[in-house]
Amino acid sequence: MKKIELGAAFIKQNQHLFRCPVCDQPFSEVVHYQLICPNRHSFDLSKKGTLYFLNRSANNEYDKQMLVSRQRLLSAGLFDGIIKKVGAQLKPEPETILDVGCGEGTPLARLLQARPGNDTAIGFDISKDGINLATQYNHQAFFCVADLAHLPFNDHVFSTVIDLFSPSSYSEFNRVIKRGGQLIKTIPNSGYLQELRQLLYGEHQANSFYSNQKVLALFRNHYPNSKVESLRYQFQIPTGYQHDLLMMTPLHWGRGRRQNVSTQLDELTEITVDVSILITHF
Ligand SMILES: C[S@@+](CC[C@H](N)C(=O)[O-])C[C@H]1O[C@@H](n2cnc3c(N)ncnc32)[C@H](O)[C@@H]1O
Ligand SMILES: [Zn+2]
């Protein structure tokens, strides 16, 4: 089946999940390849079977090159430890999953690969390049371009919302998560990609270290009963992926960056993944 047909089948079957980002009304019709709301605002599926919900162009620090590099490293398994831990939080029964700021789609693809195959899953990102890359995967998830500050989804429809390294909008998350559902957010800890930080910024620069304390405190403020799980592992960088590691995060253009690190970069064989996984139930 063509991608646009798969997208049309998804929105027909799951129309109840979506609401119009212009007037906030639940969509009332799917006609051909179009979602239409009661106020006649309409959104067309692209050839790739995705929807575009932004009503203004969005600036994004994640350009296509970064997303391609991220896809290469994630496909090589960089985040598999995180994905396994997130997957362990899901129920064995079918879930309705939303991946917030899904980027180029690899984490959601790999999460779903390890599931029985009965979930309903949507990934969205503000980056159109990210969403286009995500559609290269041949899997069951539906992808759209949207802003996490104004979600095009109805109230209390998702059983699990995941947010891996992306910004958050807790009022919107609270609105779309079902009672009995959960929010799983992953944030970097100070050791995250530390070998790369030290290579780029030396030992004592502000950028050499990362603190997640503010993000963690805000999460705890919103969800005092949340639990926090730490996860730290070493990833063996496959030969030829060192440059992708440099390109996949905004670290590569950070202030105070040292120049001419390519020889040392080529010699990097291991990288630390060090994260906190924040989980709260509704
Ligand atoms: C660090 S990346 C994480 C991507 C993906 N979750 C991953 O783990 O590879 C942060 C993502 O958040 C997205 N993002 C930033 N602001 C956003 C917004 N307002 N709405 C939706 N996505 C946003 C970026 O485009 C980017 O893809
Ligand atoms: Zn509308």
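Going by the structure above, here's the rest.
This one's a predicted model, so the numbers in the text were calculated from it and none came from an experiment. (Residues numbered from 1 in each chain as written. Chains lettered and ligands numbered in written order. Predicted model: local features only at pLDDT ≥ 70, side-chain atom pairs only at ≥ 80, totals over all residues. Heavy atoms only, no water.)

Chemist: Any chance you could explain the site of ligand 1 here in plain terms?
Modeler: In the neighbourhood of ligand 1, 19 residues make up the surrounding shell, with Asn60, Tyr62, Arg70, Gly101 and Asp125 lying closest. Between ligand 1 and glycine 101, the relevant distance is 2.8 Å, taken from a nitrogen atom to a main-chain nitrogen or oxygen of the residue. With respect to ligand 1, the side chain of aspartate 125 contributes an N or O atom lying 2.6 Å from an oxygen atom. For ligand 1, whose unbound accessible area comes to 600 Å², protein coverage reaches 90%. Listing elements by their share of the shell around ligand 1, those giving two or more residues are helix H2 (64-75) and strand E6 (120-125). The class makeup of the residues in the shell around ligand 1 is 11 nonpolar, 5 polar and 3 charged. (Near = heavy atom within 4 Å. Polar contact = N/O pair within 3.5 Å; in protein donor to acceptor, adjacent residues only side chain to side chain. Areas by Shrake-Rupley, 256 points an atom, 1.4 Å probe, with all protein chains shown as cover. Helix = DSSP H or I, 4+ residues; strand = E, 2+ residues; numbered from the N terminus. Nonpolar A, V, L, I, M, F, W, Y, C, P; charged D, E, K, R; others polar.)

Chemist: Where do I start with the side chain of threonine 280 in this structure?
Modeler: In this fold, threonine 280 is placed in strand E11 (residues 270-281). With relative accessibility at 4%, the residue threonine 280 sits in the buried group. Apart from the residues within four sequence positions on either side, threonine 280 is in contact with Gly181, Gln182, Leu183, Phe219, Tyr223 and Ser226. (Buried < 20%, exposed > 50% of the residue type's maximum accessible area, 1.4 Å probe, protein only. Contact = heavy atoms within 4.5 Å.)

Chemist: Just to check I follow, could you spell out the sheet that holds strand E1 (residues 29-31) for this structure?
Modeler: Whenever strands of a sheet pair, they do so through backbone hydrogen bonds, lying parallel or antiparallel. The 3 strands lie next to each other as E1-E2-E3, forming an open sheet whose pairing is antiparallel. Two strands close off the open sheet at either side, each with one partner strand: E1 and strand E3 (42-44). On average, adjacent strands in this sheet sit at an angle of 20° to one another, irrespective of strand direction. With 3 bridges joining them, E1 and strand E2 (residues 34-36) adopt antiparallel strand pairing. From the neighbouring strand, valine 30 faces E2, where its bridge partner is leucine 35. (Pairing = 2+ DSSP bridges. Axes fitted to C-alpha atoms, helices over the stretch in contact; angles between N-to-C directions.)

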